[in-house]
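Summary of the model geometry
For reference, the chains in residue letters:
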Amino acid sequence: MDCIDLDLCGESVVDEIEDIKNNDNLSQHQKIKKVKEYLLSQKNFAYPDFVLEWAAREKLGCPFSKEELDKMRQSAKQKQSVIDKQNFTNKLEDLNEKKIKERMTLNF
């Protein structure tokens, strides 16, 4: 498993993230987005979006709240439930097709 090095060493790196962090003209969402873009483009952090957001929030000192984490967990559970239902439906359809083919071969 790859480890993400959150210790962004170098004065220019720290300065750029600090500039974003201290920019009062940006909303929290915009700050997170800018740090994510910086991590992706300048630091070549080619990770999924949620990992980049986590790293950006850590660097900005605004980790996910308990409510946000609960909402993400609930959303993931709902998505998994939909996927499970689709998989079950696909398996049933496959079994039905297989039975139909078996019956057709028996009739000939």
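Quick summary incoming for the structure in this document. Just so we're clear, the structure is a prediction, and the values are computed from it rather than from any experiment.

On to the packing of helix 2 (residues 28–41) against helix 3 (residues 49–60). Look at helix 2 against helix 3: their axes get within 9 Å of each other, and the N-to-C directions meet at 115°. Classified by the interaxial angle, the pair formed by helix 2 and helix 3 is roughly perpendicular. When you trace helix 2 past helix 3, the crossing you get is right-handed. Contact residues: helix 2 offers Lys 31, Ile 32, Val 35, Lys 36, Leu 39 and Leu 40, while helix 3 offers Asp 49, Leu 52, Glu 53, Ala 55, Ala 56, Arg 57 and Leu 60.

So, on to the nonpolar core. Formed by Ile 17, Ile 20, Ile 32, Val 35, Tyr 38, Leu 39, Phe 45, Leu 52, Ala 55, Ala 56, Leu 60 and Cys 62, the largest nonpolar core amounts to 12 residues. Beyond its immediate chain neighbours, meaning those up to four positions away, Ala 56 contacts Ile 32, Val 35, Lys 36 and Leu 39.

We now examine the packing of aromatic side chains. Inspection of every chain in the model, using the stated rule, returns 1 aromatic pair. Arranged with centres 6.0 Å apart and planes meeting at 85°, the rings of Phe 45 and Tyr 47 form a pair that is edge-to-face. Among the residues examined, Phe 45 registers a relative accessible area of 10% and is labelled buried.

Reading the values: the criteria
Residues numbered from 1 in each chain as written. Predicted model: local features only at pLDDT ≥ 70, side-chain atom pairs only at ≥ 80, totals over all residues. Heavy atoms only, no water. Axes fitted to C-alpha atoms, helices over the stretch in contact; angles between N-to-C directions. Helix = DSSP H or I, 4+ residues; strand = E, 2+ residues; numbered from the N terminus. Parallel < 35°, antiparallel > 145°, perpendicular 65-115°, else oblique. Left-handed = near helix turned anticlockwise from the far one by under 90°. Contact = heavy atoms within 4.5 Å. Core = buried A, V, L, I, M, F, W, Y, C linked by side-chain atoms within 4.5 Å. Buried < 20%, exposed > 50% of the residue type's maximum accessible area, 1.4 Å probe, protein only. Phe/Tyr/Trp six-rings, centres within 6.5 Å; stacked < 30°, edge-to-face > 60°.

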